[in-house]
Amino acid sequence: MSELKGLLLGMAIAAILYVLMRYLPKWFGAIPMILFLGFMIWVMVTSVHGSLIAKLVVLVVGESVLGTIWDETNKQRQKRFKTEIEKMQAKDYSSSKKNKKR
């Protein structure tokens, strides 16, 4: 049962980070990745239970999930900014056309 709790906790943390990364600056996405890497290194050094391979798998999967979340939120942010810029350019173009008619 503790594995299920750990999985649910990890999914909840990933969901919270996804929401936070959408609204916080770009550089914020690197902080959870660095903290997770440091935490996993600390677990590997201090823990004597479990295999090293299992801990490495958790490290690689965790870092890839965090990296994917960061990448996807950056892509969504860029798409949103591009849409806003296109709207502003269309508005500028239409207002410049109106000024030329006068």
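Keep in mind it's a predicted model, so treat the numbers as computed, not measured.

A. Here's a closer look at the nonpolar core. Counting seven residues, the largest nonpolar core is built from A14, L17, M21, F28, M33, L66 and I69. When contributions to this core are tallied by element, the ones reaching two or more residues are α1 (2-23) and α3 (52-101). Among the elements that take part in this core, α1 stands out by supplying three residues, more than any other. Among all residues touching I69, those that are not within four sequence positions of it are A14, Y18 and M21.

B. Just the packing of aromatic side chains, in detail. Taken as a whole and judged by the stated rule, the model has one aromatic pair. Ring geometry for F39 against W42: centres 6.1 Å apart, planes inclined by 35°, an arrangement best described as tilted. Of this pair, F39 and W42 both sit in helix α2 (residues 30-46), separated by three residues, roughly a single helical turn. Here W42 falls in the exposed class, since its relative accessible area comes to 52%. Here the guanidinium or amino end of R80 rests over the ring plane of F81, the centre of that ring lying 5.7 Å away.

C. View of the side chain of R77. Tracing the backbone shows R77 in helix α3. Of the side chains with opposite charge, E84 comes closest to the buried, unpaired R77, at an N-O distance of 9.9 Å. At a separation of 2.6 Å, a polar atom in the side chain of R77 contacts the main-chain carbonyl oxygen of M21. Of note is the side chain of R77, whose polar atom sits 2.9 Å from the side chain of N74. The residues touching R77, leaving out its near neighbours within four places in the chain, are M21, R22, Y23, L24, P25 and K26.

D. How the structure looks around α1. An ideal rise of 1.5 Å per residue puts 32 Å on 22 residues; α1 measures up with 32 Å between its terminal C-alpha atoms. Along α1, the residues classified as buried are A14, L17 and M21. Seen along its axis, α1 keeps its buried residues to an arc of 70°; they face one direction. The exposed residues of α1 that point more than 90 degrees off its buried face are K5, L9, I16 and Y23.

Conventions and cut-offs
- Residues numbered from 1 in each chain as written.
- Predicted model: local features only at pLDDT ≥ 70, side-chain atom pairs only at ≥ 80, totals over all residues.
- Heavy atoms only, no water.
- Core = buried A, V, L, I, M, F, W, Y, C linked by side-chain atoms within 4.5 Å.
- Buried < 20%, exposed > 50% of the residue type's maximum accessible area, 1.4 Å probe, protein only.
- Helix = DSSP H or I, 4+ residues; strand = E, 2+ residues; numbered from the N terminus.
- Contact = heavy atoms within 4.5 Å.
- Phe/Tyr/Trp six-rings, centres within 6.5 Å; stacked < 30°, edge-to-face > 60°.
- Lys NZ or Arg CZ within 6 Å of the ring centre and 35° of its normal.
- Lys, Arg positive; Asp, Glu negative; His and termini not counted.
- Salt bridge = Lys/Arg side-chain N within 4 Å of Asp/Glu carboxyl O.
- Polar contact = N/O pair within 3.5 Å; in protein donor to acceptor, adjacent residues only side chain to side chain.
- Expected span 1.5 Å × (residues − 1).
- Arc of directions from axis to C-beta.

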